[in-house]
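Residue-level structural notes
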Amino acid sequence: MKFRTIKIAALSLVVAATAYNCSNEKMDNTYEIEGVDSVGNTIKGTYIQEDQMARPAVNTVFVSSGSKDAFNTTVPSNQGAAFQSMFQNNLLALNPGYTRNALGLDAATFTSVLATDVLTLSLDGTTTFFDGTNVLTGRALADDVITVELILIFGGPDALTGMPQNVGLIDDHVDGNDVAFSSSFPYLASPHLQ
Amino acid sequence: MKKSKILIGVAIVAIAGFIGIAADHIDAPAVQGGSSDITDFYAFQGSNTSNLVLVANVQGLLSPSATGSASFDENTLVEFNIDTNGDAVEDLVIQATARDGKMYFFGPTAPTQPGTSSTILTTASAQGSVDITPYGTDAIIATSGGMSFFSGPRDDPFFFDFAQYSAIIGGTATSFNDPGADTFAGTNVLSIVVEVPKSMVGGSGTINTWVESKRKQ
């Protein structure tokens, strides 16, 4: 029954995504902008938070369904206290056999790191989610972040030293983007054309 | 036997966890499918290694036929947050919001106050703007004060075998294929990209970064 609920939830999300593609609402342009100076007169006001992210898939994977909006509107400095225990419970629900992961982190430590959802970024060199040597020094476009996360959730303590657990679940075998990135600004590839 | 059942259960729950998904695409009820839904965040060293690049993607899962009419919501503020002293509270922000075909950028500069409520920092000494690149034309880039700016549709850089996850959920598979198939191949997003000198966001060491979307009240 639980699985059926999950399937329905999954289906509804797919439907939501499909429906979204059909509804590109034109926004009402009520602003008359002459330049940056006048912008200050048109964008005054208070803006309230709706979404937030740092590391990929954290909210999706570790936050329970009824708490996803709350997670998005909790400042990072309060997320650890508010969500670490939920993260730990959900990690152990995902992988009941979890002991430590390839970084040597037990469930409490791993979820403590994850629950404060900020992306650490090095100003001194290589910036990567994980490249075999550097861990969480940024996130580059080509980083295979899903596989890294699968390894850390399911692969066990020896996943990177030849003895992974749950071998069928630790790599989706999509190792890169469908089109090449640019080496110069803005780095992302041109959109797919009709 | 019981153990294998548990493992299959683990797989199904895992896949369900990722659905919707991807990196942050349609992650929560209040934002999914809307103009403030952040799909992804990237932060990396630029080709000029004195610079950092910050990328926020919104409104994911755009088919090519839907991309031309997709537009940034003028009531949404996208805010890059930068914590320079390790307390997970933003010390600097770079704000981006669209008006009338242009994306305006303010910062990096200290916010009036940290947290979930923001005002736009129009008096920031660091600021710039760039014409939003129309679908199907070459990328329009603007530079100002050592910073570079872009906004407009791009290929979604995210990659993941979502279809095989779905197959596992459907009970027709128990593991990934090798090779897998990128379900996000061929889809577009709306991107905001800013390149900033490291000297403007802490200089050296490690900083914490994240991105937020906020709606005008």
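Structural data are supplied above this passage.
So, a few notes on the structure that sits alongside this text. (Residues numbered from 1 in each chain as written. Chains lettered and ligands numbered in written order. Predicted model: local features only at pLDDT ≥ 70, side-chain atom pairs only at ≥ 80, totals over all residues. Heavy atoms only, no water.)

Check the secondary structure of chain B and you find three helices and 11 strands. Start at the N end of chain B and walk to the C end: the helices and strands fall as α-β-β-α-β-β-β-β-β-β-β-α-β-β. Going through the 217 residues of chain B one by one, you find that 61% of them count as buried. Here chain B has roughly 7,000 Å² of accessible surface; of this, 52% comes from carbon and sulfur atoms. (Helix = DSSP H or I, 4+ residues; strand = E, 2+ residues; numbered from the N terminus. Buried < 20%, exposed > 50% of the residue type's maximum accessible area, 1.4 Å probe, protein only. Areas by Shrake-Rupley, 256 points an atom, 1.4 Å probe, with all protein chains shown as cover.)

Once that is clear, we can look at unusual backbone geometry. Of note, the amide linkage connecting Phe185(A) to Pro186(A) takes the cis form, showing an omega dihedral of 5°. Residue Pro108(B) is bonded to the preceding Gly107(B) through a cis peptide linkage, with omega at 10°. For Pro108(B), the location among the structural elements is in strand S5 (residues 102-109). The backbone of Ala57(A) shows a phi angle near 70°, a positive value even though the residue is not glycine. Tracing the backbone shows Ala57(A) in the loop between strand S1 (47-53) and helix H3 (58-62). Overall, Ala57(A) belongs to the buried group, its relative accessible area being 1%. We note that Leu61(B) has phi near 65°; this positive angle belongs to a residue other than glycine. As for its placement among the helices and strands, Leu61(B) is situated in strand S2 (residues 51-62). On the basis of relative accessibility, which here comes to 18%, the residue Leu61(B) falls in the buried class.

On to the pattern of salt bridges. Under the criterion given, the structure shown has six salt bridges over all chains. As a salt-bridge pair, Asp40(B) and Arg139(A) come within 2.5 Å of each other at their nearest N and O atoms. Of the two residues, Asp40(B) is situated in strand S1 (residues 38-45) and Arg139(A) in the loop between strand S2 (119-122) and helix H7 (145-154); the pairing between them involves two chains. Look at the salt bridges and you will find they share partners, linking Glu50(A), Asp73(B) and Arg215(B) into a network. (Salt bridge = Lys/Arg side-chain N within 4 Å of Asp/Glu carboxyl O.)

All right, on to the packing of helix H5 (residues 76-94) of chain A against helix H6 (residues 107-115) of chain A then. Two packed helices can be described by the angle between their axes and the distance between those axes. Residues and elements named next belong to chain A. The N-to-C vectors of H5 and H6 enclose an angle of 130°; their axes lie 8 Å apart at closest approach. In terms of their interaxial angle, H5 and H6 are classed as oblique. Crossing handedness for the pair H5 and H6: right-handed. Each of Gln-79, Gly-80, Phe-83, Gln-84, Phe-87, Gln-88, Leu-91 and Leu-92 in H5 lies in contact with H6, whose residues at this interface are Ala-107, Ala-108, Phe-110, Thr-111, Ser-112, Leu-114 and Ala-115. Each residue belonging to the contact of H5 with H6 can be placed in one class, and the counts come to nine nonpolar, six polar and no charged. (Axes fitted to C-alpha atoms, helices over the stretch in contact; angles between N-to-C directions. Parallel < 35°, antiparallel > 145°, perpendicular 65-115°, else oblique. Left-handed = near helix turned anticlockwise from the far one by under 90°. Contact = heavy atoms within 4.5 Å. Nonpolar A, V, L, I, M, F, W, Y, C, P; charged D, E, K, R; others polar.)

So, about the side chain of Gln79(A). By the element assignment, Gln79(A) lies in helix H5. Those residues within four positions of Gln79(A) in sequence are excluded, and the remaining contacts are Gln52(A), Phe71(A), Thr74(A), Gln84(A), Ala115(A), Thr116(A) and Asp117(A).

Turning to the interface of chain A and chain B, a few remarks are in order. Counting from both sides, the interface comprises 94 residues of chain A and, opposite them, 130 residues of chain B. Here chain A packs against chain B, burying approximately 9,300 Å² in sum over the two surfaces, 64% of which is carbon and sulfur. Taken as a group, Tyr47(A), Leu123(A) and Phe185(A) account for 9% of the area that chain A buries against chain B, more than any other trio of residues on that side. At the surface where chain A touches chain B, the tally comes to two salt bridges. The tally of links between chain A and chain B comes to 36 residue pairs in polar contact (both at pLDDT 80 or more). Elements represented by at least two residues in the side of chain A that touches chain B include exactly helix H1 (2-21), helix H2 (36-42), S1, H3, helix H4 (68-72), H5, S2 and H7 of chain A. (Buried area = accessible area lost by both parts, 1.4 Å probe. Polar contact = N/O pair within 3.5 Å; in protein donor to acceptor, adjacent residues only side chain to side chain.)

Further remarks concern the nonpolar core. Judged by nonpolar contacts, the single largest core of 89 residues is most densely connected at Phe87(A), Leu54(B) and Phe80(B). Residue contacts for Leu54(B): discarding those within four places in its chain leaves Leu121(A), Phe41(B), Tyr42(B), Ala43(B), Phe80(B), Ile82(B), Ile94(B), Ile192(B), Val193(B) and Val194(B). (Core = buried A, V, L, I, M, F, W, Y, C linked by side-chain atoms within 4.5 Å.)

Buried residues of H6(A): Ala107(A), Phe110(A), Thr111(A), Leu114(A) and Ala115(A), and no others. For H6(A), the buried positions fall inside an angular range of 125° around the axis, keeping them on one side. (Arc of directions from axis to C-beta.)

A separate point is the packing of aromatic side chains. Two descriptors summarise a pair of aromatic rings, namely the distance from one centre to the other and the angle between the planes of the rings. According to the stated counting rule, one finds 10 aromatic pairs over all chains in the structure shown. Here a set of aromatic residues connected by ring pairs shows up, and it is made of Phe62(A), Phe71(A), Phe83(A) and Phe87(A). Over the aromatic face of Tyr42(B) sits the side chain of Arg139(A), whose NZ or CZ is 4.0 Å from the ring centroid. (Phe/Tyr/Trp six-rings, centres within 6.5 Å; stacked < 30°, edge-to-face > 60°. Lys NZ or Arg CZ within 6 Å of the ring centre and 35° of its normal.)

Let us look at the sheet that holds S1(B). Residues and elements named next belong to chain B. Spatial ordering of the open sheet is given by S1-S2-S10-S9-S8, a layout of five strands whose pairing is antiparallel. A strand with exactly one partner marks an edge of an open sheet, and here the two such strands are S1 and strand S8 (142-144). Taking the axes of each pair of neighbouring strands and ignoring which way they run, one obtains an average angle of 15° across the sheet. Sheet topology places strand S9 (residues 147-155) next to strand S10 (residues 188-197); eight bridges connect them, and they run antiparallel. Across the sheet, the residue bridging to Asp-155 is Asn-188, located in S10. (Pairing = 2+ DSSP bridges.)

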